[in-house]
Amino acid sequence: MIFIYIIGGLIFLALAIYLLDKREKMAREIKIIKEYRQDIDEMNNELDELQTQLDQMNEPLSRLNEISKKILSYMK
């Protein structure tokens, strides 16, 4: 009977160690994912700023394009 308790205790101990190891690995993976998410958020912010700058540059260029089209139409 004691032999069964010892085997059961060892199995329970092995299972506990296995589950704790899995938990530790998952915690590391979650930390890595959070770091990647922060990097992605920073990159998205930079891209938003670049898009805003491009939009601001597009307005004068579109005006210039309209003016040049008018000039060309008058020259014809």
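Note: the structure precedes this text.
Residues numbered from 1 in each chain as written. Predicted model: local features only at pLDDT ≥ 70, side-chain atom pairs only at ≥ 80, totals over all residues. Heavy atoms only, no water.

Undergrad: Would you mind showing me how to read the overall build of the protein chain here?
TA: For the protein chain, the count of helices and strands is one helix and zero strands. With respect to the principal axes defined by its C-alpha atoms, the protein chain has extents near 105 × 20 × 10 Å. Taking all 76 residues of the protein chain together, 0% fall into the buried category. Carbon and sulfur atoms make up 65% of the accessible area of the protein chain, which amounts to about 7,800 Å² in all. (Helix = DSSP H or I, 4+ residues; strand = E, 2+ residues; numbered from the N terminus. Buried < 20%, exposed > 50% of the residue type's maximum accessible area, 1.4 Å probe, protein only. Areas by Shrake-Rupley, 256 points an atom, 1.4 Å probe, with all protein chains shown as cover.)

Undergrad: I keep staring at a nonpolar patch on the surface and nothing clicks. Help me out?
TA: Taken together, the side chains of Ile2, Ile6, Leu10, Leu13 and Ile17 make up a nonpolar region of the molecular surface, amounting to roughly 520 Å² of accessible area. Inspection of the secondary structure assignment puts Leu13 in helix H1 (residues 2-75). Accessibility expressed as a relative area gives 47% for Leu13, which makes it partly exposed. (Patch = residues over 30% accessible without salt bridge, like charges linked within 9 Å, V, L, I, M, F, W, Y side chains within 5 Å. Salt bridge = Lys/Arg side-chain N within 4 Å of Asp/Glu carboxyl O.)

Undergrad: Sorry, what's going on with the environment of Glu49 here?
TA: As for its position among the elements, Glu49 is in helix H1. Glu49 gets classed as exposed once you look at its relative accessible area, which sits at 52%. Taking the C-alpha atoms as reference points, Glu49 and Ser62, separated by 13 residues in sequence, lie 20 Å from one another.

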